[in-house]
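Each chain is listed here by its residues.
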Amino acid sequence: MSARRGAAGLGAATVLALTAGCGMLGIGAEEEPSEEERLIEMLNESRRIESEVMAAEFRIVQNCLEDAGHTVHEPWSMQPWEEPPQDTLSWGYPHEEFLLPSEEAAEFGFGQWANAPDGWESPEAEDYYAAQEEEYEDDWEEPDTTDWDALAPEEQYAWYVAYQGEEYAEHNWGSEQEYVDMMASEAEEDYEEELAEGELEEEDDGGEIVIEDDYSYEEPKPGGCQLEMIEALYGEPRMVEETWEGDGGDETYVFWEYRPTNPVYGSEGEESMWEDIEAEYAAAMADVQGRFLDCITPLGYEGWEFTEYNSLPIWEFFEALYYQNSDEDERGMVMSGDSDVEVPPVPEDAGSTYEEWKAYEIQMAVDFGKCGEEVGYAEVSEEAYDEAHVKAYTAIEEDVYAWQQDMRDVITEAQELLDA
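This structure is a prediction, so every number in the text was calculated from the model and none was measured.

Trainee: Looking at this model, I keep getting lost on the overall build of the protein. Mind explaining?
Mentor: Counting its regular elements, the protein contains 17 helices and three strands. Buried positions account for 39% of the 420 residues belonging to the protein. Sequence-distant contacts, at least 24 apart, represent 74% of the contacts inside the protein between residues at least 6 apart. As displayed, the protein offers around 24,800 Å² of accessible surface, 47% of which is attributable to carbon and sulfur atoms.

Trainee: Help me out: how do you make sense of the environment of phenylalanine 318 in this one?
Mentor: Along the polypeptide, phenylalanine 318 turns up in helix H13 (residues 314-322). Its relative accessible area of 2% is what places phenylalanine 318 among the buried residues. Linking phenylalanine 318 and asparagine 115, residues 203 residues apart in sequence, is a C-alpha distance of 9.3 Å. The contacts of phenylalanine 318, once residues within four sequence positions are left out, are Phe110, Gln112, Tyr323, Glu361 and Met364.

Trainee: Explain the side chain of serine 46 here, please?
Mentor: Looking at the secondary structure, you find serine 46 in helix H3 (residues 35-67). We classify serine 46 as buried; its relative accessible area is 2%. In contact with serine 46, other than residues within four places in its own chain, are Asn262, Val400, Trp403 and Gln404.

Trainee: Looking at this structure, I do not really get a negative patch on the surface. What am I missing?
Mentor: Together, Glu103, Glu107, Asp118, Glu121, Glu124, Glu126, Asp127 and Glu355 line one region of the surface with negative charge. No other element matches helix H5 (residues 123-136), which puts three residues into the negative patch. Here glutamate 103 is to be found in helix H4 (residues 102-108).

Trainee: How do you make sense of the state of the cysteines when you look at a structure like this?
Mentor: A covalent bond bridging the sulfur atoms of two cysteines is what the word disulfide describes. The full count for this structure, using the stated rule, is two disulfides. Note on cysteine connectivity: cysteine 295 is disulfide-linked to cysteine 371, with sulfurs 2.1 Å apart. As the torsion about the S-S bond is roughly -80°, the cysteine 295-cysteine 371 disulfide counts as left-handed. Within this pair, whereas cysteine 295 is found in helix H12 (residues 273-296), its partner cysteine 371 is found in helix H15 (residues 354-375), the two being separated by 76 residues in sequence. Exposure class is identical for cysteine 295 and cysteine 371. Each is buried.

Trainee: Help me understand the nonpolar core in this model?
Mentor: Grouped burial of nonpolar side chains is what soluble globular proteins tend to show. Judged by nonpolar contacts, the single largest core of 55 residues is most densely connected at Phe98, Phe292, Trp304, Phe368 and Tyr377. Looking at this core, the elements that each hand over two or more residues are H3, H4, H5, H12, H13, H15 and helix H16 (377-395). Sort the elements by how many residues they give to this core and H12 lands first, with nine residues. Formed by 30 residues, the second largest nonpolar core is a distinct cluster that contains Val53, Cys64, Tyr179 and Trp403.

Trainee: Just to check I follow, could you spell out the packing of aromatic side chains for this structure?
Mentor: Following the criterion strictly, the structure yields 34 aromatic pairs and no others. For the pair phenylalanine 317 and phenylalanine 318, a centre-to-centre distance of 5.1 Å together with 85° between the ring planes defines the contact as edge-to-face. For phenylalanine 317, a relative accessible area of 1% translates into the label buried. It is lysine 358 that lies over the ring of tryptophan 113; its NZ or CZ is 4.0 Å from the centre.

Trainee: When you look at the pattern of salt bridges in this model, what are you seeing that I'm missing?
Mentor: Pairing between side chains becomes possible if they bear opposite charge and their charged atoms approach one another. The full count for this structure, using the stated rule, is twelve salt bridges. Among the salt bridges present, the one from lysine 221 reaches glutamate 236, with a minimum N-O distance of 3.1 Å. Residue lysine 221 is found in the loop between strand S1 (215-218) and helix H11 (224-233), and its partner glutamate 236 is found in the loop between H11 and strand S2 (238-246); the two are separated by 15 residues along the sequence. Overall, glutamate 236 belongs to the partly exposed group, its relative accessible area being 49%. Residue glutamate 280 is joined to lysine 391 by a salt bridge in which the shortest nitrogen-to-oxygen separation is 3.3 Å. Taken together, the residues span a long stretch of sequence, with glutamate 280 in helix H12 and lysine 391 in helix H16 at a distance of 111 residues. Using a relative accessible area of 35% as the deciding quantity, one classes glutamate 280 as partly exposed.

Trainee: Can you walk me through the environment of valine 375 in this structure?
Mentor: By the secondary structure assignment, valine 375 is in helix H15. For valine 375, the contacting residues outside a window of four places in its chain are Val288, Arg291 and Phe292.

Trainee: Help me understand the packing of helix H7 (residues 153-164) against helix H8 (residues 166-173), please; the structure alone is not making it clear to me.
Mentor: For any two helices packed against each other, the geometry is given by the interaxial angle and the distance between the axes. Where H7 contacts H8, the two axes come as close as 7 Å, and the packing angle between them is 125°. Put simply, H7 runs oblique to H8. In terms of crossing hand, the pair formed by H7 and H8 is right-handed. Mapping the contact onto sequence places Tyr157, Tyr160, Val161 and Gln164 in H7 and Glu166, Tyr168, Ala169, Glu170, Asn172 and Trp173 in H8. Its residues assigned to classes, the contact of H7 with H8 comprises six nonpolar, two polar and two charged.

Trainee: So what exactly am I meant to see when it comes to the confidence of the model for the protein here?
Mentor: Close reading of the predicted structure is inappropriate where its pLDDT is low. Residues with a pLDDT of 70 or more make up 79% of the protein, whose mean pLDDT is 84. Per-element mean pLDDT across the protein ranges from 37 in helix H1 (residues 3-9) up to 98 in H11. Counting contacts from residues 1-28, a segment whose pLDDT is below 50, to residues more than four positions away or on other chains yields 39 contacts. Counting contacts from residues 197-211, a segment whose pLDDT is below 50, to residues more than four positions away or on other chains yields eleven contacts.

Trainee: How should I be thinking about the packing of H12 against H15 in this particular structure?
Mentor: Two elements in contact, H12 and H15, have axes separated by 9 Å at closest approach and are oriented at 135°. Relative to H15, H12 is oriented oblique. Classified by chirality, the crossing of H15 by H12 is right-handed. Contact residues: Val288, Arg291, Phe292, Cys295 and Ile296 in H12; Phe368, Cys371, Gly372, Glu374 and Val375 in H15. Per-class residue counts for the contact of H12 with H15 are seven nonpolar, one polar and two charged.

Rules of the game
- Sequence positions are assigned chain by chain, starting from 1 and proceeding in written order.
- Per-residue local features are limited, in this predicted model, to residues with pLDDT of at least 70; the limit for side-chain atom pairs, both in listing and counting, is 80 or more; totals at the level of whole chains, interfaces and linings are taken over all residues.
- Hydrogens and water are ignored here; the side-chain numbers use all heavy atoms of the structure.
- What counts as a helix is a DSSP run of H or I of at least four residues, what counts as a strand is a run of E of at least two, and both are numbered from the N terminus.
- Type-normalised accessible area, obtained with a 1.4 Å probe on protein chains alone, sets the label of each residue: buried when under 20%, exposed when over 50%, and partly exposed for intermediate values.
- Should any heavy atoms of two residues lie within 4.5 Å, those residues are considered in contact.
- Surface accessibility follows the Shrake-Rupley procedure with a 1.4 Å probe radius. Residue values consider only the protein chains on display as shielding.
- Residues enter patches when they are more than 30% accessible in relative terms and free of salt bridges; like-charged ones are connected within 9 Å and nonpolar ones (Val, Leu, Ile, Met, Phe, Trp, Tyr) within 5 Å.
- Definition used for salt bridges: Asp or Glu carboxyl oxygen within 4 Å of a side-chain nitrogen of Lys or Arg.
- Within this scheme the basic residues Lys and Arg register as positive and the acidic residues Asp and Glu register as negative, but His and the chain ends are omitted.
- Throughout, a charge is located at the NZ atom of Lys, the CZ atom of Arg, the CG atom of Asp or the CD atom of Glu.
- Put simply, a disulfide is two cysteine sulfurs that come within 2.5 Å.
- In these notes, a set of buried Ala, Val, Leu, Ile, Met, Phe, Trp, Tyr and Cys residues joined through side-chain atoms within 4.5 Å is what counts as a nonpolar core.
- Centres within 6.5 Å make a pair out of two Phe, Tyr or Trp rings, where for Trp the six-membered ring is used; the pair is then stacked when the planes are under 30 degrees apart, edge-to-face when over 60, and tilted otherwise.
- Ring-over charges, as used throughout, are those where CZ of Arg or NZ of Lys falls within 6 Å of the ring centre and within 35 degrees of the ring normal.
- Simply put, an axis is a line fit to the C-alpha atoms, just over the touching stretch for a helix, and the angle between two N-to-C directions goes from 0 to 180 degrees.
- For classification, angles of less than 35 degrees are called roughly parallel, those exceeding 145 degrees roughly antiparallel, those between 65 and 115 degrees roughly perpendicular, and all remaining angles oblique.
- The sense of a crossing depends on the near helix, which, turned anticlockwise from the far helix by less than a right angle, makes the crossing left-handed and, turned clockwise, makes it right-handed.
- Three classes are used, and their members are as follows: Ala, Val, Leu, Ile, Met, Phe, Trp, Tyr, Cys and Pro are nonpolar, Asp, Glu, Lys and Arg are charged, and the others, Gly among them, are polar.
- Predictor confidence is given residue by residue as pLDDT, running from a minimum of 0 to a maximum of 100.

Below, the structure is given as C-alpha cells:
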C-alpha cells in the first residue's frame, strides 16, 4: 500500500490526535466550564472520535477492495456517520409527549387522529405530517450512487462478496442469480408487487402459512475485507447472543461485535445508565405527577397513570378510541404503544363518530396543557431530567475518557496501516 493512499485516508484523524490535548472547550483558561458543559463536550468529542474511527475502518476496507480490483464502492456501506453536536445534556423530555405548546395542542391535539382509519388520508393529516417533517428535518444528504448504479449487477454482487464474504452476501441478497434477477427492472417491479400483495409469506409443504412462536435472527460472521480490517485493528470479532421476551414468544438475536462500545451506550453485564436516569427522574417527579393527575381528574380524565418511562399511555388510549369499531386488519395498520399501566377506558362523552373523537382529542390536549401550566410540570420536569443526566454521565466520565483514548490509539494504528 502506498504512503500517498494512506495519507489521503486519515488526514482529519491526524489533526484530531494533535489537537486532543488542547483546551477541551476551546475557551480561555480564565473561564471554567460548568459541570454540564464539560459533559456535553465529552459526548460531542466521543461522537467526533467514533466518526474518525469509522472513516479509518472504511479506508482500510476500501484499500483492500481496490487491491482486489474493486475500484467503485457501494456508497451507503462506506459512509461514516457522525451524529450532530448536541448543545444540551438531555433532550426529549418525557413530558413533551403529553404536554404540547398551546397553539399546537389547539390545532392538532396529540396528532393521533392522523393515524385513525378515517383520518390518515385526509388533507388535514397531510398538513400535519408535513409540519412534523419540517420540524424534525436535518441536513442529511444522500450519497451519490451514480458510479455504483452504472456497474453490472454481477459486479455489484462480487463487490459485496469481497467486502463481507460470500456467506454475508447470500444472507443479505441471496445467490448471485437472485441478486441479478432482483436488480432487473421487470423482476424488481414484480417483487414490489408481491410484497404489496403479501405473496412472499413462507409456506410449508402443505401450502399452509407457517407461524412460529419464537423468532431468531443470526448474523453471519463478517468475512472478506471487513474481516481483514477487524483482525488488523481489533483482533477476532466477538459473537454476542441476546434473547428478549416478545409478544409471540422469545426473540433471539446473534450478532458480531468488534469495536469497543462507548460506555455511554452501556456494556454487557452492567445495568444501563438509562435505567438509573429514569429512576432518579421518577423519584423527583412523584409529587408533581400526583398534582397533575389531581388536576385532570375533575375535568373528566379519570384513571390515568404514569408509565415506567414517566409518560402517559397516549398512543394506547387513542388506539382504543379510534379503532373501537375497526376490524383486525385495520388495527394492524397502527403502530401501537406497549404501556405497562392500565389504559383508561374510553369515556362515553368522547362521542361516537370520528369528528367527535378528534374534537375530544384536541380538547384533551388543551386541558392537559393547562393543568401542566397550573402545577408547573414542565419546569420541574426539565430540572429533574437535567440533574438526573448530569449525575449519570458523571458516574461514567472516567470510563468514557478511557474509551476515547483507546479509540485514538485505534486511529493511530489505522494510520500506520494505511501508510505502510
